[in-house]
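# Report on the structure
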Amino acid sequence: MLQDEAVHSADAPSPDAHETLDPSSMRAHYRAEGLTETELAAEPYAQFARWFKEAAAAGIHEPNAMVVSTADAAGRPSSRTVLLKAFDDRGFVFFTNYTSRKGRDLAENPHLALLFPWHPLARQVIVTGTAARIGRDETAAYFRSRPHGSQLGAWASDQSAPIASRAELEGAYDALAARYPEGEQVPAPPHWGGYRVTAETVEFWQGRENRLHDRLRYVRATTGWTVERLAP
């Protein structure tokens, strides 16, 4: 963690294991340095690249971890942590099982939100937009780059579906490992692949003292992006 960008730990001392934690007493002091409109890149993907690089340089564990929130056709929400695997001016890309809960949600309702929680830097990035499947060639190219065990896991797990036991999952994996030993090419599952999230808004949130945080949000417009400041 960069010393000048560190966030102090909570004021309250570490509790005894048998004590009841009181969330209302947990407070952190955020950094004094802020985020101004003049510092922003012309478009949100370039600004994200800056902050993503700084998050990685600060030693944040898995800076590409993001909370993906979806909703089904009835509006019932669900969230989970997923790893970002690519981004450019076309959007943010992640991979998953298309029959998983998020895959089913996105088939019914393509609108979603992404949240990058970079707490040690007192930063968040919040993306809203729509998701669409990427091409099979792009999916296959990424799948081939995955470790062998992760390739087998994509076949072994019927993600989000109930299973009888851990032994059932491991048995499916072992059968695949016997069929596709280390060094043998594993085909990309037809039910597995990538989504690209096209952003409609991208908010950059910087923690400030006295909870007077900086929140600057890019909003997609007809001819580019506009930036608005939100009250904390």
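Reading the values: the criteria
- Residues numbered from 1 in each chain as written.
- Predicted model: local features only at pLDDT ≥ 70, side-chain atom pairs only at ≥ 80, totals over all residues.
- Heavy atoms only, no water.
- Pairing = 2+ DSSP bridges.
- Helix = DSSP H or I, 4+ residues; strand = E, 2+ residues; numbered from the N terminus.
- Phe/Tyr/Trp six-rings, centres within 6.5 Å; stacked < 30°, edge-to-face > 60°.
- Buried < 20%, exposed > 50% of the residue type's maximum accessible area, 1.4 Å probe, protein only.
- Axes fitted to C-alpha atoms, helices over the stretch in contact; angles between N-to-C directions.
- Parallel < 35°, antiparallel > 145°, perpendicular 65-115°, else oblique.
- Left-handed = near helix turned anticlockwise from the far one by under 90°.
- Contact = heavy atoms within 4.5 Å.
- Nonpolar A, V, L, I, M, F, W, Y, C, P; charged D, E, K, R; others polar.
- Core = buried A, V, L, I, M, F, W, Y, C linked by side-chain atoms within 4.5 Å.
- Polar contact = N/O pair within 3.5 Å; in protein donor to acceptor, adjacent residues only side chain to side chain.
- Expected span 1.5 Å × (residues − 1).
- Salt bridge = Lys/Arg side-chain N within 4 Å of Asp/Glu carboxyl O.
- Arc of directions from axis to C-beta.

### Here we look at the pairing of strand β8 (residues 214-221)
Sheet topology note: the strand β7 (residues 192-206)/β8 ladder contains six bridges and is antiparallel. What sits directly across from Glu203, in β8, is Arg217. Pairing of β8 with strand β9 (residues 224-229), which is carried by six bridges, proceeds in the antiparallel orientation. Following the sheet pairing, Ala221 is matched in β9 by Gly224. Hairpin connection from β8 to β9: two residues lie between these consecutive antiparallel strands.

### Some details on the packing of aromatic side chains
Overall, the coordinates contain 21 aromatic pairs when judged by the stated rule. Each ring, one from Trp51 and one from Phe204, has its centre 5.2 Å from the other, and the planes form 90°; the classification is edge-to-face. With a gap of 153 residues between them, Trp51 in helix α1 (residues 44-57) and Phe204 in strand β7 connect regions that are remote in the sequence. There is no split in this pair, since Trp51 and Phe204 are both buried.

### Here's the deal with the packing of helix α4 (residues 148-156) against helix α5 (residues 166-179)
Running from N to C, α4 and α5 cross one another at 125°; their axes reach a closest spacing of 9 Å. Compared by their axis directions, α4 and α5 come out oblique. Classified by chirality, the crossing of α5 by α4 is right-handed. Across from Gly149, Leu152, Gly153, Trp155 and Ala156 in α4, the residues of α5 making contact are Leu169, Ala172, Tyr173, Leu176 and Ala177. Along the lines of polarity and charge, the residues of the contact of α4 with α5 split into eight nonpolar, two polar and no charged.

### A look at the nonpolar core
The nonpolar side chains of a soluble globular protein tend to be buried with one another. In terms of nonpolar packing, the biggest core is built from 33 residues, with Phe48, Phe92, Phe94, Leu114, Phe116, Trp118 and Val125 touching the most fellow members. Mapped onto this core, the elements with two or more residues apiece are α1, β1 (65-71), β4 (91-97), β5 (111-118), β6 (123-133), β7 and β8. Phe92 has contacts with Tyr45, Phe48, Leu84, Ala86, Phe87, Leu114, Phe116, Val127, Tyr195, Arg196, Val197 and Ala199, leaving out every residue within four places of it along the chain. Residues Leu152, Tyr180, Val186 and Trp192 belong to the second largest nonpolar core, which totals twelve residues.

### Side note on the environment of Arg80
The residue Arg80 is located in strand β2 (residues 77-83) in this model. A C-alpha to C-alpha distance of 9.0 Å links Arg80 and Thr70, two positions ten residues apart in sequence. Only 3.1 Å separates the side chain of Arg80 from the side chain of Thr70, close enough to count as a polar contact. A polar contact of 2.7 Å, which involves the side chain of Arg80, links it to the side chain of Ser78.

### Describing α5
Residues spaced three or four apart along an α-helix point in a common direction, a consequence of the helix completing one turn every 3.6 residues. Under the 1.5 Å per step criterion, the end-to-end length of α5 is 20 Å for 14 residues, consistent within 8% with the ideal 20 Å. Near the N-terminus of α5, the side chain that reaches the backbone nitrogen of Ala167, with its oxygen 3.4 Å away, is that of Ser165.

### Here we look at the pattern of salt bridges
Applying the stated criterion across every chain, the model contains ten salt bridges. Close ionic contact of Asp214 with Arg208 constitutes a salt bridge, the shortest N to O distance being 2.8 Å. Judged by its relative accessible area of 25%, Arg208 is partly exposed. Close ionic contact of Glu228 with Arg217 constitutes a salt bridge, the shortest N to O distance being 2.4 Å. With Glu228 in strand β9 and Arg217 in strand β8, this pair connects stretches of sequence that are eleven residues apart. Glu228 gets classed as partly exposed once you look at its relative accessible area, which sits at 31%.

### Structural notes on helix α2 (residues 101-108)
Looking at α2, one finds that the buried residues are Lys102, Gly103, Asp105 and Leu106. For α2, the buried positions fall inside an angular range of 160° around the axis, keeping them on one side. As for α2, its buried residues are in contact with β1, β2, β4, β5, β6 and β7.

### Let's talk about unusual backbone geometry
The backbone phi angle of Glu62 is positive, close to 50°, even though this residue is not glycine. At Asn210, a residue that is not glycine, the phi angle is positive and equals roughly 60°. Along the polypeptide, Asn210 turns up in the loop between β7 and β8. The exposure class of Asn210 is exposed, given its relative accessible area of 68%.

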